[in-house]
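Chain and residue survey
Given next are the chains, with one letter for each unit.
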Amino acid sequence: MNLPVFDLTGRTAIVTGGGRGIGKGICLALAQAGANIIVANRDTATAAETVREIETLGRKSIAIQTDVCQSAQVENLVNKTVEVFGTLDILVNNAGGTTKEMRVPPLQVTEEIWDAAIDLNLKSIFLCSQIAAKTMIQQKKGNIINISSWYAYMPSLVSMPYGAAKAGVNNLTQTMAHVLGPYNIRVNAIAPGAVPTGPGDPEMRERRRKSCPLGRLGVPEDIAWAVVYFASDASSYVTGQVLSVDGAIPKIV
Ligand SMILES: NC(=O)c1ccc[n+]([C@@H]2O[C@H](COP(=O)([O-])OP(=O)(O)OC[C@H]3O[C@@H](n4cnc5c(N)ncnc54)[C@H](O)[C@@H]3O)[C@@H](O)[C@H]2O)c1
């Protein structure tokens, strides 16, 4: 089947947190659709492996070490991208999640934990989007895709600031879509459900798997193909949306 509307050949995409997990899946799916990829990760070893796998797909790729919570590093990421590839077409704000310290009961969240979780999951998306938008506005085209979470839609007992941050991502997505639309820049988000990407509690995973109407947990590719849709011209009249990719897993505590 030949579907040129999904073709991303020649487009340049930054994927934050592309070293592993969902971010790596997004890098490989965008590369399969034809895009060249900048892997923006804090950890360089995993990013280098993602770059290698993208290159075997026949696309260009570089890793740029970036902490997405630091504006100077994000500026460097965007500047280097334009220097090397001449354009920035797609930004996928994927880096995020919770550290062990962030996973404490709501009443035990300290100011320090709160700030760290909001920085990683909300401030980072503000910084990357606003800095990338400056380049995209000049180009009069661009595409921003934010990775939210099903925790935006339910009490986030595992990490209160994480859920609050992801709910904030959904709102930021609408605002950015509104202000960037006139520059031909679309902004959408994807809210994944449970997608095992690291060590986790097997019992909890099994409970979630059973509660999901589709009878399985998500895999990075489930999220990645939705990113390809938002990144491509197939979604050219879609902006300001949050798409749940979660197998309709119930949003209950
Ligand atoms: N896995 C899930 O079940 C799930 C569910 C809903 C939403 N999400 C969201 O999907 C995204 C990816 O999740 P994942 O499970 O693949 O995560 P992960 O922990 O497996 O990978 C995260 C990647 O981001 C990088 N990273 C972390 N902090 C960074 C920083 N400050 N700057 C740059 N890079 C950084 C890490 O090095 C790693 O490569 C996150 O935004 C997460 O909140 C995940």
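Heads up: the structure comes first, above all this text.
Report on the accompanying structure. (Residues numbered from 1 in each chain as written. Predicted model: local features only at pLDDT ≥ 70, side-chain atom pairs only at ≥ 80, totals over all residues. Heavy atoms only, no water.)

Focus: the overall build of the chain
The condition is simple: In this description a helix means any DSSP run of H or I spanning at least four residues, a strand means any run of E spanning at least two, and both kinds are numbered starting from the N terminus. The globule rule used here is 2.2 Å times the number of residues to the 0.38 power, and the radius of gyration it is set against is calculated over C-alpha atoms. The buried label applies to any residue whose accessible area, calculated with a 1.4 Å probe on protein chains only, is under 20% of its type's maximum; exposed applies above 50%, and partly exposed to all values in between. Within this scheme the basic residues Lys and Arg register as positive and the acidic residues Asp and Glu register as negative, but His and the chain ends are omitted. Each charge is placed at NZ for Lys, CZ for Arg, CG for Asp and CD for Glu.
Along the chain, the regular secondary structure elements total 7 helices and 7 strands. Each helix and strand of the chain, placed in order from N terminus to C terminus, yields the pattern β-α-β-α-β-α-β-α-β-α-β-α-α-β. Against the 2.2 N^0.38 benchmark of 18 Å for 253 residues, the chain shows a C-alpha radius of gyration of 17 Å, consistent with a compact globule. For the chain, with 253 residues in total, the buried portion stands at 50%. Within the chain, the 21 negative side-chain charges are centred at a point lying 4 Å from the centre of the 23 positive side-chain charges.

Observations concerning the environment of Pro155
Note on placement: Pro155 falls in the loop between strand S5 (142-147) and helix H5 (160-180). For Pro155, a relative accessible area of 47% puts it in the partly exposed group. In the structure, Pro155 is positioned 96 residues away from Lys251 in sequence and 8.6 Å away in space, judged by C-alpha atoms.

Focus: the site of the ligand
For clarity, the cut-off: Throughout, near means a residue has at least one heavy atom within 4 Å of the molecule or strand. Contacts described as polar in this section are N or O atom pairs within 3.5 Å, which, within protein, must combine one atom able to donate a hydrogen with one able to accept it, while residues neighboring in sequence count only if both atoms come from side chains. Only the protein chains shown count as cover for residues, with accessible areas throughout obtained via the Shrake-Rupley method and a probe of 1.4 Å. Each residue is assigned to one class: nonpolar for Ala, Val, Leu, Ile, Met, Phe, Trp, Tyr, Cys and Pro, charged for Asp, Glu, Lys and Arg, and polar for all the others, Gly among them.
Inspection of the region around the ligand gives 25 residues, with Arg20, Ile22, Asn94, Tyr162 and Thr197 positioned closest. The separation between a nitrogen atom of the ligand and a polar side-chain atom of Asp67 is 2.9 Å. Between Val195 and the ligand, the recorded distance is 2.8 Å, taken from a backbone N or O atom to a nitrogen atom. Burial of the ligand by the protein amounts to 87% of the accessible area it has alone, namely 830 Å². Elements represented by at least two residues in the shell around the ligand include exactly helix H1 (21-32) and H5. Broken down by class, the residue content of the shell around the ligand amounts to 9 nonpolar, 12 polar and 4 charged.

Let's talk about a nonpolar patch on the surface
This is how it is decided: Residues forming no salt bridge and having over 30% relative accessible area are the ones grouped into patches, like charges within 9 Å of each other and nonpolar side chains (Val, Leu, Ile, Met, Phe, Trp, Tyr) within 5 Å. Salt bridges are identified by distance alone: a Lys or Arg side-chain nitrogen within 4 Å of an Asp or Glu carboxyl oxygen.
Nonpolar side chains collect at one region of the surface, where Met1, Leu3, Val5 and Phe6 lie side by side and expose about 440 Å² of accessible area between them. Inspection of the secondary structure assignment puts Met1 in the segment before strand S1 (12-16). Met1 gets classed as exposed once you look at its relative accessible area, which sits at 95%.

Some remarks on the pattern of salt bridges
Counting across every chain of the model gives 8 salt bridges. One salt bridge connects Arg11 with Asp233, and the closest N-O pair in it is separated by 3.1 Å. In this pair, Arg11 sits in the segment before S1 while Asp233 sits in the loop between helix H7 (220-231) and strand S7 (242-245), placing the two residues 222 residues apart along the sequence. When its relative accessible area of 21% is taken as the criterion, Arg11 is described as partly exposed. Lys24 serves as the salt-bridge partner of Glu53, at 2.9 Å between the closest nitrogen and oxygen. On the criterion of sequence distance, the pair formed by Glu53 in helix H2 (residues 44-56) and Lys24 in helix H1 is long-range, its members being 29 residues apart.

Overview of the sheet that holds strand S2 (residues 36-41)
Strand pairing in a sheet relies on backbone hydrogen bonds. The paired strands run either parallel or antiparallel. Rule in force here: A pair of strands is labelled paired if DSSP reports no fewer than 2 bridges between them. An axis is simply a line fitted to the C-alpha atoms; with a helix, the fit covers only the stretch in contact. Between two such axes, the angle follows the N-to-C directions and lies from 0 to 180 degrees.
Across the sheet, 7 strands lie side by side as S3-S2-S1-S4-S5-S6-S7; this open sheet has parallel pairing. Only two strands of the sheet have a single partner each, and these edge strands are strand S3 (61-65) and S7. Averaged over all pairs of adjacent strands, the angle between their axes in this sheet comes to 20°, without regard to strand direction. Note: S1 against S2, 5 bridges, orientation parallel.

Some points on the side chain of Lys166
Put simply, the rule reads: In what follows, a contact means two residues having at least one pair of non-hydrogen atoms within 4.5 Å.
Relative to the elements of secondary structure, Lys166 occurs in helix H5. Despite its burial, Lys166 pairs with no opposite charge; the closest candidate is Asp119, at 14 Å N-O. Filtering out sequence-adjacent residues up to four positions away, Lys166 remains in contact with Asn121, Ile147, Ser148, Ser149 and Ala152.

Examining the nonpolar core
In summary, soluble globular proteins display a tendency toward joint burial of nonpolar side chains. The condition is simple: Residue types Ala, Val, Leu, Ile, Met, Phe, Trp, Tyr and Cys, when buried and joined through side-chain atoms within 4.5 Å, form a set referred to as a nonpolar core.
Formed by 31 residues in total, the largest nonpolar core has its most connected members in Ile26, Leu30, Ile37, Val92, Ile190 and Val227. Of all elements in the fold, only S1, H1, S2, H2, strand S4 (90-93), S5 and H7 reach the threshold of two or more residues within this core. For Leu30, the contacting residues outside a window of four places in its chain are Leu8, Ala13, Val15, Ala35, Ile37, Val92, Val227, Val228 and Ala231. Ranked by size, the runner-up nonpolar core spans 26 residues in total, among them Ile64, Leu88, Met176 and Leu180.

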